[in-house]
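Here is what each chain is made of, one letter per residue.
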Amino acid sequence: MTAWDEVRELIDAGDADKVAARVAELDGTERRGVAQALPGHIAAAREAAHRAEEEKRQRLLAERHRAMRLSQEEFDRYATERGLPREGRRRWASNLHGDWLDRSGPSTCFAERDAWIDPMRAAGAGTIESVTAVISWLNRSDFDRWRSPADAAGPVARAVAARPAAWRADLAVRLALKVRAIRGDVRWYGDPVDRHLPLALELFRRLGTAPPEHDPLVVGWVSMRPDADRLREDPLLDVLLPRIFQAEGVGRALREERADPPAPDSWLGVLTTLAAEGRISRELLLSGCAGRFLRGGSATDLRFFARLHESLNPSEAEVAGRARDYLRLLPVAPGPVAELALRHLRRLDAEPLDPADVVEALEGLLFRAEGGLVRAGLAWLEERLTAGPGRADELAPALASALGHEARAVQEKAVVLAVRHAALFSPPGAEALREAAGPLPPDLHNRMAGVFGGELRPEPEPEPEPEEVLVPRAIPTLPAPTAFPPVPETPRAVAELYGKDGWAAAERFLAGFVRHAARDRDGLRAALAAHRAPITDRDLWWYPEEWAAALLAELAEPGAGCVPEGSAFLDGARRFPDEAGRTAGSAPFTAPPRPAADRIPGTQEASAPHRFILRRYAEILTALRDGALPPLLLATPTLGTGHLDPAELVARLAELEEAGAEPLPTDLLQALLRLPRTDADPAVTARAAALTSAAGREAARWLAGGVLPDPEVTVRWFCSPGQESGWWRGEAAREWWTGGERPAGHWLDGCEPAGEPKPWQAMAVVSIAPAGPGEPAAGGSGPLGRAVAAFTAELLVPPLPIAEEAVGYYGKCADWWPGVMPSHREVVAAHLVPIRFWKGRDAGSVHRRLTDLAVLQGPAGQAVALLLAERLAAGPAVHPLRALQHLAAGGALPAAALGAELGQRVRRGWAAIENVRAVLEDAVRQGAHREAWAVTAALLPAVLPAPGVRPRKVLLDFLTFARKVAGWAGASGEIPEVAAVAARRGGNRLFQECRSLHALLTSGRQEGDEP
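Residues numbered from 1 in each chain as written. Predicted model: local features only at pLDDT ≥ 70, side-chain atom pairs only at ≥ 80, totals over all residues. Heavy atoms only, no water.

The protein chain carries the name DUF7824 domain-containing protein in an unreviewed UniProt entry, which gives Planomonospora venezuelensis as its organism.

Quick look at the structure:
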């Protein structure tokens, strides 16, 4: 066997380490032979790896088919032994067999498909003679990967280990200089940004030499996920670490690293850990950060270094040693860097600081545009005046600089400071301040002149700020509901609706199917024959399309079975249903029909409205099998909102009585739930009272006032601080909501955590409490009434807060839900809460569901407010604004709940108050100024700052807006939280705005008066 034969076998086996070891042993002649043969083997090596992966995939698919053939008895035995409910069997099977039970089969292992690449790279690197040729070989496009881990550097480094040190050094330097920084995301987090980088670094480690100066190499190094254990022993750490403070692009690459607290696998976490251990010098890190600050850059570029500096928590001695550098940063550094420099300088006594340097730094600092930074600088200046009164004249130029600032707030603070410490200044210092006060506004100038001397100026009377006048406008009325399309008149029209999207098409299909199954079954069978397909014998049927297909199969061949799931002939059976059995060698319909109700998902696998929709299909299928199908359905709506005209319901019930037929229980309940909340015409109520059937008596009871009482829907937030993003999808939360122990945390309505909880740490939990025992029952007496009551109770089961518990099926058919309970919008909203974040599924656009909810009937409460608040918190958007307008027009806007929800989101940092203001401004423009004030009044208590907390300007602007809206709405009545702020001592803008608003609310002003 030749050397090439040995290397080729190792390549085909995918063993890069053995390839590297073998080629390192070859002599010159053998290396040249292998190098010559390698290019011709690329296609064969790729094909062999792909073939091996495909064979493994087929083995996994065969195992999947074996798993899917597990008998129902085995499932039942396992479930019985472990006390699992029926709906838990599918989850057990998924856990047992992994993705083999997925219909698409196991995922392709891309790493195994690319297993030939590393051996080929190592073989070429170890046998090709010149450095240039080796680099060309390593960069061949044949070795490009897709969705598999990065190139392995170790085998290539070992393959060239026998080469001369100069040759390896040349290869390492050339590879290092080829590294290019790549902007944007890396395909796999933790992979290098450049494929040359790992090999170059590995070669330098083995050589014991330093890489060349090359900024992209340093950026690439920091772009890889760090590991403290690896870096602790890395000889390149001492070489590359100082370069991160010099290389361009490092700060931008690390700008997203967080410091509160730093992640263990972040550069902030690793560097602080190694510094605490003494592996790297604090002096190096602190001096590096200070030097990087002095080199300049944007706030984004310096963000990482500022966080690193603060995570090191420099001591007073370390700050004193760099005091001159910090002083140089005050006038010119980006705001965050200047703030940290000033904060550390204020820790020092006056002795370590040169007075001339301090004055020069303060002059530049107090002339900056950032108001908060300048105010902090003035506070430091006052501290130095207090600590060293004899140096007041030295600080006078800096204070004069603040008097010339363009911001009035800064001017006011500088005037207060100068007047307070006027006695400390000698005549030259006072003269400097007197000259600086010249350009001040008259009121501030006169305050300075009264203390430092000078001519007083006349102060003009302040002109009142012109108030915005609201042009009265009525809220646009709700559009009239459209008529629901008619039931298909012919079997062909029914067939045209089969498979159409949307709940309206499905309702019409069911109504037409039932009607024509009674009138012209043969014609219906012929019209639907082209749509018939085999029915898969899955444990559960999740989609209405599956149930509709079952109806077609039962109509075409009563008693027909189902194709076992996972059968090899399933695809062929779908294409050729009549020949499927002969094609596969056995009859396709081998599984006997099971009771339709057994295929409805359980309560932990599907939402209540979804299960109710499927129950309607199941009872129609059961009646079709039993020959008990009525001649018509009661629940087909008459309006596009899903409502059913009471007169039409009574007429349908009378038709059923005349035919001697009983309605289906779920169909009856659906019809009753679709009755409008308005009082029925007395003549209709009288005709209903004359009906003699049980269904007629139940309908008469509902029309006479015995409708479903509004349940109480509440939303509470459970917070688990310290949890990672998506914790509520994890095992701890899932076990809690399936009867296990509750994870560590608390309810936010009882205790707000310190700071701002992250949105992913909180979970909205909905409860639906049926009406009290004093309210009328949802169902009457008798079997039919009890069935109606039982099905109603299922609809009021609270939704699971963890939507992923249902393996992605929870929340299906959400666009149908408004039509299920069009007179109980709050219950529909309650079921939408757990799936409100879903995208790309049929429940994904809660935006559109909001407009559906807005045109429904019934009270709107916390659930509607939550859905609306989450969409409005992002700012104005078409569907949420339209929903807000429709709710306001119908007098159903839950303004107090909406305002409270928005206020909590702003307070917790989940929403920006400027976005909320934009939404309310739009509501005012649409004529909903009273509703906008009701939302604002409920929002204000949560967003007002606590004593000692500085308010943001956007909050102050919102208070100005709130005062205007209160005047337009003619609002009155004290808001205790506003009154408390108004009563505080002080004259800042927060107190002024709250006092103006409080005075307006307690003045008895009428609506429309100018505030």
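**Overview of the overall build of the protein chain**
Just so we agree on the cut-off: Runs of E in the DSSP output that reach at least two residues are strands. Runs of H or I that reach at least four are helices, and both are numbered from the N terminus. Note on exposure labels: buried denotes an accessible area under 20% of the residue type's maximum, exposed denotes more than 50%, and partly exposed covers the range between, all computed with a 1.4 Å probe on protein chains only. Residue contacts are defined here by distance: any two heavy atoms, one from each residue, within 4.5 Å place the two residues in contact. Method for areas: the Shrake-Rupley scheme with a 1.4 Å probe, in which residue coverage is limited to the protein chains shown.
The helix and strand inventory of the protein chain stands at 52 helices and five strands. When each of the 1011 residues of the protein chain is scored for burial, the buried share is 49%. Put simply, of all contacts in the protein chain between residues at least 6 apart along the chain, 77% involve residues at least 24 apart. Entry remark: accessible area of the protein chain is about 45400 Å², with carbon and sulfur atoms responsible for 52%.

**Here's the deal with the pattern of salt bridges**
Operational definition: Here, a salt bridge means any Lys or Arg side-chain nitrogen found within 4 Å of an Asp or Glu carboxyl oxygen.
Taken as a whole, this structure holds 59 salt bridges when the rule is applied. Between arginine 324 and aspartate 357 there is a salt bridge, and its shortest N-O distance comes to 2.5 Å. You can see arginine 324 sitting in helix α21 (residues 323-329) and its partner aspartate 357 sitting in helix α23 (residues 355-365), a full 33 residues away along the chain. The partner of glutamate 507 in a salt bridge is arginine 616, and the shortest N-O contact between them spans 2.8 Å. Highlighted residues: glutamate 507 in helix α30 (residues 503-519) and arginine 616 in helix α35 (residues 608-626), separated in sequence by 109 residues. Note on accessibility: glutamate 507 and arginine 616 belong to one class, buried.

**Some words on the packing of aromatic side chains**
Where we set the bar: Here a Phe, Tyr or Trp ring, Trp counted by its six-membered ring, pairs with any other such ring whose centre lies within 6.5 Å, and the pair is stacked when the planes are under 30 degrees apart, edge-to-face when over 60, and tilted otherwise. Two conditions define a charge located above a ring, namely a distance within 6 Å from the ring centre to NZ of Lys or CZ of Arg, and an angle within 35 degrees of the ring normal.
Scanning the entire structure with this criterion turns up 13 aromatic pairs. Each ring, one from phenylalanine 304 and one from phenylalanine 305, has its centre 5.4 Å from the other, and the planes form 75 degrees; the classification is edge-to-face. Put simply, the rings of Trp116, Trp137 and Phe143 touch in pairs and so form one group of aromatic residues. Positioned above the aromatic ring of tryptophan 167 is the side chain of arginine 163, whose terminal nitrogen or guanidinium carbon lies 4.2 Å from the ring centre. The ring of tryptophan 910 carries arginine 908 above its face, with NZ or CZ at 5.2 Å from the centroid.

**A closer look at α35**
Note the cut-off: Expected span of a helix, by definition, is 1.5 Å for each gap between consecutive residues, and there is one gap fewer than residues.
Helix length check: α35, at 19 residues, gives a terminal C-alpha distance of 26 Å against a target of 27 Å (1.5 Å per residue), a fit within 8%. By the criterion of burial, α35 is predominantly enclosed, with 16 of the 19 residues buried. Positive phi shows up at glycine 627, right after α35, with a value of about 70 degrees.

**Topic: the pairing of strand β3 (residues 712-719)**
Stated precisely, the cut-off is as follows: Strands qualify as paired when DSSP identifies two bridges or more between them.
Both β3 and strand β5 (residues 762-769) contribute to a ladder of eight bridges, which runs antiparallel. Along β5, the bridge assignment pairs valine 713 with isoleucine 768. Here β3 pairs with strand β4 (residues 746-747) via two bridges, running antiparallel. What sits directly across from cysteine 719, in β4, is histidine 746.

**Considerations on the nonpolar core**
One recurring pattern in soluble globular proteins is that nonpolar side chains are buried together. Put simply, the test is: Side-chain atoms within 4.5 Å are what join buried Ala, Val, Leu, Ile, Met, Phe, Trp, Tyr and Cys residues into a set we call a nonpolar core.
Phe509, Leu898, Trp933 and Leu940 are the most contacted members of the largest nonpolar core, which has 153 residues in total. Of the residues forming this core, the biggest block, ten residues, is contributed by helix α50 (residues 953-969). By size, the runner-up hydrophobic cluster in this structure holds 128 residues, among which are Val131, Leu175, Ala306 and Leu348.

**Remarks on unusual backbone geometry**
With phi around 50 degrees, asparagine 313 is a residue other than glycine that occupies positive phi space. The class for asparagine 313 is exposed, based on a relative accessible area of 58%.

**Quick notes on the confidence of the model for the protein chain**
Regions with low pLDDT should not have their predicted coordinates read in detail. Note the threshold: The pLDDT score gives, residue by residue, the confidence of the prediction method on a 0 to 100 scale.
For the protein chain, the average pLDDT comes to 83, and 83% of its residues sit at 70 or higher. When mean pLDDT is compared element by element in the protein chain, helix α18 (residues 282-295) scores highest at 95, while helix α34 (residues 580-584) scores lowest at 36. Every residue in residues 183-190 is under pLDDT 50, and counting partners more than four places away or in other chains gives twelve contacts.

**Quick look at the sheet that holds β5**
Through backbone hydrogen bonds, the strands of a sheet pair up, either in parallel or in antiparallel fashion. Put simply, the rule reads: To get an axis, fit a line to the C-alpha atoms, keeping to the stretch in contact for a helix; angles then go from 0 to 180 degrees between the N-to-C directions.
Read across the sheet, three strands follow the order β4-β3-β5 without closing on themselves; strand pairing throughout is antiparallel. Every other strand in the sheet has two partners, leaving β4 and β5 as the edge strands with one partner each. Across the sheet, helix α45 (residues 862-872) touches β3 and β5, and the angle it forms with β3 is around 50 degrees.

**Remarks on the side chain of arginine 611**
Heads up, the rule is: N or O atoms closer than or at 3.5 Å make up a polar contact, with two conditions inside protein: a donor-capable atom paired with an acceptor-capable one, and, for residues adjacent in sequence, both atoms drawn from side chains.
Within the secondary structure, arginine 611 is located in helix α35. At a separation of 3.3 Å, a polar atom in the side chain of arginine 611 contacts the side chain of glutamate 794. In contact with arginine 611, other than residues within four places in its own chain, are Ile600, Pro601, Gly602, Thr603, Ala606 and Glu794.

**Structural notes on the environment of arginine 243**
By secondary structure assignment, the location of arginine 243 is in the loop between α15 (237-240) and α16 (250-253). The spacing of arginine 243 and histidine 214 is 29 residues in sequence and 9.3 Å in space, taken between C-alpha atoms. Apart from residues no more than four positions distant in its own chain, arginine 243 is found in contact with Ala210, Pro211, Pro212, Glu213 and Val218.

**Observations concerning helix α47 (residues 895-907)**
When the terminal C-alpha atoms of α47 are compared, their 18 Å separation across 13 residues agrees well with the 18 Å that a helix rising 1.5 Å per residue should span. Regarding α47, the residues found buried are Ala895, Leu898, Gly899, Glu901, Leu902, Gly903, Arg905 and Val906. Here the buried face of α47 lies against β3, α45, α46 (878-889), α48 (913-925) and α49 (929-943). Glycine 909 sits one or two residues past α47 and shows a positive phi near 85 degrees.

**So, the packing of helix α22 (residues 335-345) against helix α24 (residues 371-387)**
Put simply, the test is: In what follows, roughly perpendicular refers to angles from 65 to 115 degrees, roughly parallel to angles under 35, roughly antiparallel to angles over 145, and oblique to any angle outside these ranges. Each crossing gets its handedness from the near helix: less than a right angle anticlockwise from the far helix is left-handed, clockwise is right-handed. When residues are grouped by polarity, Ala, Val, Leu, Ile, Met, Phe, Trp, Tyr, Cys and Pro land in nonpolar, Asp, Glu, Lys and Arg in charged, and all others, Gly among them, in polar.
Packing of α22 against α24 brings their axes to within 11 Å, and their N-to-C directions diverge by 15 degrees. Taken together, α22 and α24 sit at an angle that is classed as roughly parallel. Once α22 is placed against α24, the crossing between them reads as left-handed. Judged by residue contacts, Ala338, Glu339, Leu342 and Leu345 of α22 engage Leu373, Ala376, Gly377 and Trp380 from α24. Class assignment for the residues of the contact of α22 with α24 results in six nonpolar, one polar and one charged.

**Considering the packing of α50 against helix α52 (residues 989-1001)**
Packing of α50 against α52 brings their axes to within 10 Å, and their N-to-C directions diverge by 15 degrees. Judged on the interaxial angle alone, α52 and α50 are roughly parallel. When you trace α50 past α52, the crossing you get is left-handed. Within the contact between the two elements, α50 uses Lys953, Leu956, Asp957, Leu959, Thr960, Ala962, Arg963, Ala966 and Gly967 and α52 uses Arg989, Leu990, Glu993, Cys994, Ser996, Leu997, Leu1000 and Leu1001.

**Looking at the environment of alanine 483**
Residue placement: alanine 483 occurs in the loop between α28 (442-452) and α29 (491-497). Residue alanine 483 is classed as exposed on the basis of its relative accessible area, which comes to 62%. Not counting residues up to four positions away in its chain, the partners in contact with alanine 483 are Thr638, Leu639 and Gly640.

**A few points about the environment of arginine 163**
Structurally, the position occupied by arginine 163 is in the loop between α10 (153-159) and α11 (165-178). What makes arginine 163 buried here is its relative accessible area of 9%. The sequence separation of arginine 163 and threonine 127 amounts to 36 residues, and the corresponding C-alpha distance is 9.8 Å. Aside from chain neighbours lying at most four places away, what touches arginine 163 is Arg31, Ala125, Gly126, Thr127, Ile128, Glu129 and Arg168.

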